[in-house]
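Structural overview
Each chain, letter by letter, is given below.
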Amino acid sequence: MDQKITLLVVDDEEFNLEIISEYLEDMPYELVTASNGVEAWDALALEPNRYSAVLLDRMMPEMDGIQVLTRMKNSADLRNLPVILQTAAASKQDISEGLRCGAYYYLTKPFDEEVLKSIVAAAIDDFTRIQALQDQVRSGADVVSMLTSGFFTLQRLEEARDLSSFLANSFPDPERVVSGLSELLINAIEHGNLGIMYDDKTQLVTKGTWQNEVNRRLEQIENKDKFVEVDFYKDKQSIRIKISDCGAGFDWENYLEFNTDRVYDNHGRGIAMANKLSFDSVEYIGRGNQVEVTVIL
């Protein structure tokens, strides 16, 4: 990403701003600080395209973090900007409220340095990937809007991203759909076909070796003939896409919604974000190695 990575850090306690700045000082980020919600909102409204993530304190005078978050999600320019909600309140009820309002990343005080770095990196990586997909969609050809049915096969991560961008252009709001479609295709490759489990990915992402491991497994003889299959259907009422992989399935019920037990993890939000943000319905079939998504026209 050529654009400078700038984080807006919002906290009414100067000590917390200093701690976050110290923990992130060796990271390639520019930090902009705000001491209350009003100051944060003014900075976001003035330069909505400047930031790659917001570390937002929940409890503040004048305008609290939930109020800032709600304003962001109601703004076309800011709704996709990731928010890391930071608070001393760590109950499941508090976390659930933040998730419902659109904060999909969470930190509790006092901060753990490694958790802070991991969550910030996850938010920025997700934002960067979604921005790249949306840029790719905006450059796509309009002819795909005439597609009414199609069958596609893929194996690799770059094919998943390319197919996501291509098919997204057939939807009325392609920028809404593309990130969710990409997440489901990547999950079908990494988990379904290649057998990378949740805990495996946690370790791989922490070490920065996830993509290398995906590429390594793709070259293994037992995976050479494994493909993800994609069926596309469009009529006057809806657009439906069915994704099938070669895996044994998984406990998909636990991933369709945001799980408060996983909010501190460095991955694992993709299926829930696809379900909540990208499609009108996400339905897993049978044991979970097939999923059908629908957008009503």
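Placed above this text is the structure.
Throughout this description, residue numbers start from 1 for each chain and increase along the sequence as written. Totals for whole chains, interfaces and linings use every residue, but because this is a predicted model, local features are given only for residues with pLDDT of at least 70 and side-chain atom pairs only at 80 or more, for both listing and counting. Excluding hydrogens and water, the side-chain values take into account all heavy atoms of the structure.

Before going further, it helps to spend a moment on the overall build of the protein chain. Only DSSP runs of H or I reaching four residues or more are called helices, and only runs of E reaching two or more are called strands; each is numbered from the N terminus. Tallying secondary structure elements over the protein chain gives 10 helices and 10 strands in all. To get the radius of gyration, use the C-alpha atoms; to get the globule rule, take the number of residues to the power 0.38 and multiply by 2.2 Å. A globule of 297 residues ought to have a C-alpha radius of gyration of about 19 Å, and the protein chain, at 20 Å, matches this closely. Taking the principal axes of its C-alpha atoms as reference, the protein chain extends roughly 55 × 40 × 40 Å. Looking at the protein chain as a whole, 50% of its 297 residues qualify as buried. Taking all contacts inside the protein chain whose residues are at least 6 apart in sequence as the whole, residues at least 24 apart take part in 68%. Just so you know, the count uses Lys and Arg for positive and Asp and Glu for negative, and it drops His and the chain ends. Taken as the charge location is NZ of Lys, CZ of Arg, CG of Asp or CD of Glu. Here the protein chain holds 29 positive side-chain charges and 51 negative ones, and the gap between their average locations is 6 Å. Exposed residues in this analysis have more than 50% of their type's maximum accessible area, buried residues have under 20%, and partly exposed residues fall in between, with area computed by a 1.4 Å probe over protein chains only. Should any heavy atoms of two residues lie within 4.5 Å, those residues are counted as being in contact.

This part covers a negative patch on the surface. On the surface, a cluster of negative charge is contributed by Glu14, Glu18, Glu22 and Glu25. Following the sequence through the fold, glutamate 22 ends up in helix α1 (residues 14–23). Residues qualify for a patch when their relative accessible area is over 30% and they have no salt bridge, like charges being joined within 9 Å and the nonpolar side chains of Val, Leu, Ile, Met, Phe, Trp and Tyr within 5 Å. Areas reported here follow the Shrake-Rupley algorithm with a probe of radius 1.4 Å; residue values treat only the protein chains shown as occluding. Salt bridge, as used here: a side-chain nitrogen of Lys or Arg that lies within 4 Å of a carboxyl oxygen of Asp or Glu.

What follows concerns the sheet that holds strand β4 (residues 83–87). Being paired, for any two strands, means DSSP has found at least two bridges between them. Taken in spatial order, the five strands line up as β2-β1-β3-β4-β5 in an open sheet, and their pairing is parallel. What marks the edges here is a single partner per strand, and that holds for β2 (30–34) and β5 (105–108). Going from strand to strand, the sheet's axes swing by 20 degrees on average, the running direction of each strand aside. As paired elements, strand β3 (residues 53–57) and β4 share four bridges and run parallel to each other. Bridge assignment links aspartate 57 to a residue of β4, and that residue is glutamine 86. The angle between two axes is taken between their N-to-C directions and runs from 0 to 180 degrees, where each axis is a line fitted to C-alpha atoms and a helix contributes only its stretch in contact. Helix α3 (residues 65–73) contacts β3 and β4 of the sheet and is inclined by roughly 150 degrees relative to β3. Along the sheet, helix α5 (residues 113–138) makes contact with β1 (6–10), β3, β4 and β5, crossing β5 at roughly 165 degrees.

Here the aromatic set is Phe, Tyr and Trp, taking the six-membered ring for Trp, and pairing holds for ring centres within 6.5 Å; pairs whose planes are under 30 degrees apart are stacked, those over 60 apart are edge-to-face, and all others are tilted. If you walk through the whole model with that rule in mind, you get six aromatic pairs. Here the aromatic rings of tyrosine 198 and tyrosine 255 are separated by 5.9 Å at their centres, their planes lie at 45 degrees, and the arrangement is tilted. In this pair, tyrosine 198 is assigned in helix α8 (residues 198–207) and tyrosine 255 in the loop between β8 (238–244) and α10 (270–278), connecting sequence segments 57 residues apart. Look at tyrosine 198 and you get buried, because its relative accessible area is 19%. Ring pairing ties together the aromatic residues Tyr198, Phe250, Trp252, Tyr255 and Tyr284, which thus form one cluster.

This part is about the side chain of aspartate 57. Here aspartate 57 shows up in strand β3. Polar contact criterion, stated in full: a pair of N or O atoms within 3.5 Å, where within protein one must be able to donate a hydrogen and the other to accept it, and residues adjacent in sequence count only if both atoms are side-chain atoms. Polar contacts involving the side chain of aspartate 57 include one to the side chain of lysine 109, which spans 2.9 Å. Discounting chain neighbours no more than four positions away, the residues touching aspartate 57 are Val10, Asp11, Asp12, Gly65, Gln86 and Lys109.

Moving on: the pairing of β8. Looking along a regular strand, one sees side chains alternate from face to face of the sheet. Of all seven residues that make up β8, five are buried, and the element is covered over most of its length. In this structure, strand β7 (residues 228–234) lies alongside β8, joined through six bridges in antiparallel fashion. Residue phenylalanine 232 lies in a different strand from β8, and its bridge partner there is isoleucine 241. Here β7 folds back onto β8 in antiparallel fashion, the turn holding three residues. Here β8 pairs with strand β10 (residues 290–296) via seven bridges, running antiparallel. Paired with serine 244 across the strands is glutamine 290, a residue of β10.

What follows covers the side chain of asparagine 289. Among the structural elements, asparagine 289 can be located in the loop between β9 (281–285) and β10. Among residues more than four places away in sequence, those in contact with asparagine 289 are Ile243, Ser244, Asp245, Gly247 and Gly249.

Right, let's get into the environment of leucine 184. Positionally, leucine 184 belongs in helix α7 (residues 174–193). Sequence separation between leucine 184 and arginine 138 is 46 residues; the distance between their C-alpha atoms is 20 Å. Look past the residues within four positions of leucine 184 in its chain and what remains in contact with it is Ile243, Ile271, Ala274, Phe279, Tyr284 and Val293.

As a further point, take the packing of α7 against α10. Interhelical geometry of α7 versus α10 gives an angle of 150 degrees and a closest axis separation of 9 Å. Relative to α10, α7 is oriented roughly antiparallel. Here α7 runs over α10; the crossing is left-handed. When α7 is examined against α10, the residues Arg176, Val177, Ser179, Gly180, Glu183, Leu184 and Asn187 are found in contact with a partner set consisting of Gly270, Ile271, Ala274, Leu277 and Ser278. By the convention adopted, Pro, Cys, Tyr, Trp, Phe, Met, Ile, Leu, Val and Ala count as nonpolar, Lys, Arg, Asp and Glu as charged, and the other residues, Gly among them, as polar. Of the residues contributing to the contact of α7 with α10, the split by class is five nonpolar, five polar and two charged. The cut-offs work like this: below 35 degrees is roughly parallel, past 145 is roughly antiparallel, 65 to 115 is roughly perpendicular, and the gaps in between are oblique. Rotating anticlockwise by less than a right angle from the far helix to the near helix defines a left-handed crossing, while the corresponding clockwise rotation defines a right-handed one.

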